[in-house]
Amino acid sequence: MAKKQKYYVVWQGNQPGIYDSWAECEKQIKGVAGAKYKSYESRTLAEQAFRIGPELAASVVERQTKGACLLGVDDEGMTVVRTDVQGPKPELDAIAVDAACSGNPGVMEYQGVYVASRTQLFHYKAAVGTNNIGEFLAIVHGLAYLKKNNLKQVLYSDSVNAINWVRAKQCRTKLALTPETAPLYEVIRRAEAWLHNNSYTTEIQKWDTDHWGEIPADFGRK
């Protein structure tokens, strides 16, 4: 049986590009510190991966290869919905939030993006935190952003815990309060106070990762 053709994307190497053999790819990455590259089963996927970069490719293109991702990215970086997948689809005119943590606890950050364009709307980073705290704060930040700008968009989060914490108006973290975590606890206190002092009509929805792929606000570190 003939060996299946693969296409190799080199994002960082001697000469970034797309190569149709491992031998050519290896020439571009051998001896290059921090080289970034990956193989794909089709040139179309390789071209999309090269265009959007390794971070987005990890959360978008690679799930498409498994047929599990409803969303894609067009030539201009805009979110598009696959037409060959059935079932409920997410709103594109919406905000998505997500968090990432290097260790748990560890350096934590969260961001909010506009789903249609994946444009970053806000971002926060803390020296020490947990993923759940970041998810909670991201939702509250999103609610405040939407209210401040008088926007009626849906807010997506992929964290059931964080959504429940927001509805309870309390960050139910077990992270110890220490001099190192005190600045983050002040942010948490402000977020909880906002929830108690403000009403909102924003619809918070759980992002359906299994059918839609990674949430557009994902940091691509999985």
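This text goes with the structure placed above it.
Residues numbered from 1 in each chain as written. Predicted model: local features only at pLDDT ≥ 70, side-chain atom pairs only at ≥ 80, totals over all residues. Heavy atoms only, no water.

Moving on, we come to helix α4 (residues 131-148). The terminal C-alpha atoms of α4 lie 25 Å apart, and with 18 residues this matches the ideal 26 Å at 1.5 Å per residue to within 8%. Here α4 has its buried residues at I133, G134, E135, F136, L137, A138, I139, V140, G142, L143 and L146. Phi turns positive one or two residues past the end of α4, at N150, with a value near 55°. (Helix = DSSP H or I, 4+ residues; strand = E, 2+ residues; numbered from the N terminus. Expected span 1.5 Å × (residues − 1). Buried < 20%, exposed > 50% of the residue type's maximum accessible area, 1.4 Å probe, protein only.)

Pairing within the open sheet is mixed, and its five strands lie in the order β8-β7-β6-β9-β10. At either margin of the open sheet sits one strand with a lone partner, and together these are β8 (119-129) and β10 (204-206). Within this sheet the neighbouring strands show an average axis-to-axis angle of 20°, counted without direction. The pairing of strand β7 (residues 106-114) with β8 spans eight bridges and is antiparallel. Paired with G106 across the two strands is G129, which belongs to β8. Strand contacts of α4: β6 (94-103), β7, β8, β9 (154-157) and β10, with the helix running at about 155° to β6, the strand carrying the most contacts. Where helix α5 (residues 160-168) meets the sheet, its contacts fall on β9 and β10, and the angle it forms with β10 comes to roughly 155°. (Pairing = 2+ DSSP bridges. Axes fitted to C-alpha atoms, helices over the stretch in contact; angles between N-to-C directions. Contact = heavy atoms within 4.5 Å.)

With that settled, consider unusual backbone geometry. The residue after N104, namely P105, is reached through a cis peptide bond having omega 10°. Positionally, P105 belongs in the loop between β6 and β7. At R118, a residue that is not glycine, the phi angle is positive and equals roughly 60°. Residue position: R118 is located in the loop between β7 and β8. Positive phi outside glycine occurs at K169, with the angle close to 60°. The residue K169 is located in the loop between α5 and α6 (182-197) in this model. For K169, a relative accessible area of 33% corresponds to the partly exposed category.

Turning our eyes to something else, we now look at the packing of aromatic side chains. Tallied over the entire structure, the rule returns 10 aromatic pairs. Aromatic side chains W22 and Y37 sit 6.1 Å apart centroid to centroid with 45° between the ring planes, which places their arrangement in the tilted category. With W22 in helix α1 (residues 22-29) and Y37 in strand β3 (residues 36-40), this pair connects stretches of sequence that are 15 residues apart. Note on Y37: relative accessible area 41%, which makes it partly exposed. Pairing Y156 with W212 gives two aromatic rings, centres 5.9 Å apart and planes at 85°, and the pair type is edge-to-face. Linking Y156 in strand β9 with W212 in helix α7 (residues 209-212), this pair joins segments that are 56 residues apart in sequence. Just as Y156 is buried, W212 falls in that class too. (Phe/Tyr/Trp six-rings, centres within 6.5 Å; stacked < 30°, edge-to-face > 60°.)

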